Amino acid sequence: MRSRDRLSAAAIVILLAGFGKPAGRLAASGAAALIDFKPVSEAVLLHPDDADWPNWRRTLDGWGYSPLKQINIENVNRLQLAWAWGLSSGVSQPAPLAANGMMFVPIPGGGVQTLDAATGDLLWEYRARPGGDGAPRTSPMCNLAIYDDKVYIAAADARLIALSARTGALVWDHQVADPKLGYSYTSGPIVVKNLIVAGITGCQRYKNDVCFISAHDAQTGKEVWRTSTIARPGEPGGDTWGELPLTFRAGGDAWMPGSYDPAANLIYWGTAQAKPWTRFARGTDGDALYTNCTLAIDPANGKIVWYFQHIPGESHDMDESFERILVDVGGARSSVFSMGKLGILWELDRRTGAFVGARDLRYQNLVDVDPRTGRATYRPNMLPHAGIPIEFCPSASGVKSLRAMAYHPDTQAFYIPLNLSCERGTFNEVERREGGGGSGGGRRTNLMHPESPDGIGELLAMSARTGEILWRHRTRTPPTTSALTTGGGLVIVGDYDRYLYVHDARTGKVLFQTRLSTSVQGFPITYAVNGRQYIAVPVGTGGGQWVTTIPAELTPEKKIAQGANAMFVFALP
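What you are looking at is a predicted structure, and each value in this text was computed from that prediction instead of being measured.

(A) Structural detail: the state of the cysteines. According to the stated counting rule, one finds 2 disulfides in the structure shown. What connects to what in the protein chain, once the bonded cysteines are numbered by sequence position, is 1-2, 3-4. No disulfide involves Cys 142; its sulfur sits 15 Å from that of Cys 203, the nearest cysteine. This cysteine, Cys 293, is not joined by any disulfide, and Cys 211 carries the nearest cysteine sulfur, 14 Å off. On the accessibility criterion, Cys 293 (0% relative accessible area) is buried.

Here it is in C-alpha cells:
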C-alpha cells in the first residue's frame, strides 16, 4: 500500500451553498458536517432501499431492476428534463450510483464526481493521477462501489482507492498490480462481506505472471486473497495450456464486475478469452482454463469452488466476461445466467455449476453446443489460419457486449441490448517473447448481418424460463447502454443515434423517446429523492468498435457529437 496526500492524489472538494455557487475549496473536515451521508451497510447492499441504487446493477444479483413505479406505463409520456450535468472528458461508459440523495459518477481513468441527486449540483470531485503527478488517464471506467462511509474506485494504473463518501478525502490508496506490465482496471469493484473485490485487465502481455481477481480489506485496502484466472503449470487445469510455460499463458481478463449470492455464499465472475486470440498464435489447441469461464469463488479465501467454461479454446475474440444474473427460475431452479459475445444465453446451477441450458439467439455461425453437457465445439472450417481471411458472425465486437442485460421479475424475462453485425477478417502470428504478446488481430471489415440487412441494433426480450423470444425492437444503429427495468413496467435503453427509448416491458411498445446531445452510452439508473423518482441517463463517446467503427462504417449517415459526455436526469412534472 502507498498513501498520498490529498494534493498529489488530486482530490478536489467543493462545497456548494446559497444559490448553487461554490462557497470555496474547503478541507474535508469542513464539508463533512454539511453533507448528510448515512453509512451503507452490508445489509443495505444486499437489500437496498427502493429509493437507492447502491450497486452497479443496483442489487448484487445483477438484475438491473428497480421496484420504483412512480414513473410507469401510464404516465411515462410526460417525462421532462429535471437537470443535466457535463461529465469529464475521455471514454465515458459510466454506471452511476445513488444513495442518501447523492449521485456518484465514475470518471474515465479513475475518479468520481459526486452530485446532489435532486439538483445536479457538484458536491465534490476526485481525480486519480498516476504516480509522479502524470496526466490523468481517459480510458473507460465503468463503475465504482460504496460501502459504510466510503466510496471505492479503481484507477487505470491498477490501483484501488477509498474515499470519504461525505467529502472525497483520501482514506487509502493501494497499488494492486504493476501498470508497467500492462495491468489496468476498466471497471470498479463490488463489496462482499467487508471485502472490496475487483477484477484486473490488461492481460495480453507476455510476463511471468497472470491476471486475477483480488479481494481487499474495506478499511485498509490490504489484500486478503488473489485468485488467478489462468491455470498455472502443475496446478489443476494447468495441462489445458499444453506445454506452454507460465510466461506465454495470457488473457483471462476479469474486466467487468461480478455478482454475489448470500445464500450460496459465492461470488460469480466472468473471464475473458485467452490471448493471443487464436489457437495457432497461442501455440496450443487446449481449452486454456480459466478463460471464458464463469467462476464461483468462496469470498472467505478466494478458492474457485466450481467453474464452467463456455467456449473452450476460443479463437475469434468472443469473450464471456460480462454480467452474471442470479435468478430463481419458477421457484424451482437457482440459476446463474450470462450471455457473451456469441449471443448464447447460458444457464448454470448456482450452487454446483452444473449445466442447465444454452439458448442460442442464432446470430452466430461459429460453434455448436451439446444440449446435454453444454460443451461448445467449433463448426467445420471455422477456426482461423494465419493471414487467411475468414468471414464469421457476429463480428469480434460481439452480438452482446458490456452493455448489460436486465431482468424483470414481473415478466420473468431478460432485456438484452444487441449489435447485429458480422466480420471478414484475418488473424496473425504473435512472436512468443517475454515482454511481447498481444491479441494477434489483423485486418477487419465489418459487415451487415444477413438476419438484419437494414440495421444493426436490437433490444430483445427473452423468457428466462423457456428461452422464448417475447419481442424485438430493431433500430438502425446499435443500443449503446445497458438495459434498465423498473417496477413501473418499463424497460429503458439508449442507442448510438442519440435516442433514449422507454418501452412497455410486456409488449415492447415505445412509450417515450427523446433525442439527446450525443450517443446514449453507459448504464442508466433510476432512484428517488424526497419521494420523487428520477431516471438518470449518461451520454458519451468512445470505446470499442461497437460504438466507433461499426456504426461509422455500416450506418455512415448517422453522425454524433464528440467530446460531449454528460448526465441527463428526467422526472415527471
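Having seen it, we continue.
(B) View of the sheet that holds strand 35 (residues 469-475). Spatial strand order, 30-31-34-35: 4 strands in an open sheet with antiparallel pairing. Two strands in the sheet have a free side with no partner beyond their single neighbour: strand 30 (406-408) and strand 35. Each neighbouring strand pair of the sheet contributes to a mean axis angle of 20°, computed without reference to strand direction. As paired strands, strand 34 (residues 457-463) and strand 35 are joined by 6 bridges and run antiparallel to one another. Paired with Glu 458 across the two strands is Arg 474, which belongs to strand 35.

(C) Focus on the pairing of strand 37 (residues 490-494). Most of strand 37 sits out of view: 5 of its 5 residues are buried. Burial along strand 37 is two-sided: Leu 490, Ile 492 and Gly 494 and Val 491 and Val 493, pointing in opposite directions, are all buried. Between the end of strand 36 (residues 484-486) and the start of strand 37, which pair antiparallel, lie 3 residues, with Gly 489 showing a positive phi angle near 80°. Pairing analysis gives 5 bridges linking strand 37 to strand 38 (residues 499-504), with the strands arranged antiparallel. Residue pairing across strands places Leu 490 opposite Asp 504, the latter belonging to strand 38. Where strand 37 folds back onto strand 38 in an antiparallel hairpin, the turn is made up of 4 residues, including Arg 498, whose phi is positive at roughly 80°.

(D) Highlighting the packing of aromatic side chains. Tallied over the full model, the rule gives 22 aromatic pairs. With a centroid separation of 5.1 Å and 75° between ring planes, the pair formed by Tyr 290 and Tyr 307 is classed as edge-to-face. With Tyr 290 in the loop between helix 3 (279-282) and strand 21 (293-297) and Tyr 307 in strand 22 (residues 304-309), the pair connects residues that are 17 residues apart, well separated along the chain. Owing to a relative accessible area of 39%, Tyr 307 belongs among the partly exposed residues under this scheme. Taking NZ or CZ as reference, Lys 207 lies 4.7 Å from the ring centre of Tyr 183, over its face. Sitting over the face of the ring of Phe 212, Arg 226 holds its NZ or CZ atom 3.8 Å from the ring centroid.

(E) Representation of the pattern of salt bridges in the model. This model, assessed by the stated rule, comprises 27 salt bridges. Arg 166 is the partner of Asp 149 in a salt bridge, and the nearest nitrogen-oxygen pair spans 4.0 Å. Highlighted residues: Asp 149 in the loop between strand 9 (145-147) and strand 10 (150-155) and Arg 166 in the loop between strand 11 (159-164) and strand 12 (170-175), separated in sequence by 17 residues. The partner of Glu 557 in a salt bridge is Arg 476, with the nearest N and O atoms 2.8 Å apart. A residue pair is termed long-range when its members are at least 10 positions apart, and Glu 557 in the loop between helix 4 (549-554) and strand 42 (566-571) and Arg 476 in the loop between strand 35 and strand 36 qualify at 81 residues. Residue classification places Glu 557 among the partly exposed positions, given a relative accessible area of 43%. One salt-bridge network, held together by shared partners, links Asp 148, Asp 149, Lys 150 and Arg 166.

(F) Geometry of the environment of Ile 196. Here Ile 196 shows up in strand 14 (residues 195-199). The class for Ile 196 is buried, based on a relative accessible area of 0%. Sequence separation between Ile 196 and Ala 215 is 19 residues, and the spatial gap between their C-alpha atoms is 5.4 Å. Those residues in contact with Ile 196, other than ones at most four positions away along the chain, are Tyr 152, Pro 189, Ile 190, Val 191, Ser 214, Ala 215, His 216 and Ala 218.

Calculation rules
- Residues numbered from 1 in each chain as written.
- Predicted model: local features only at pLDDT ≥ 70, side-chain atom pairs only at ≥ 80, totals over all residues.
- Heavy atoms only, no water.
- Disulfide = S-S within 2.5 Å.
- Buried < 20%, exposed > 50% of the residue type's maximum accessible area, 1.4 Å probe, protein only.
- Pairing = 2+ DSSP bridges.
- Helix = DSSP H or I, 4+ residues; strand = E, 2+ residues; numbered from the N terminus.
- Axes fitted to C-alpha atoms, helices over the stretch in contact; angles between N-to-C directions.
- Phe/Tyr/Trp six-rings, centres within 6.5 Å; stacked < 30°, edge-to-face > 60°.
- Lys NZ or Arg CZ within 6 Å of the ring centre and 35° of its normal.
- Salt bridge = Lys/Arg side-chain N within 4 Å of Asp/Glu carboxyl O.
- Contact = heavy atoms within 4.5 Å.

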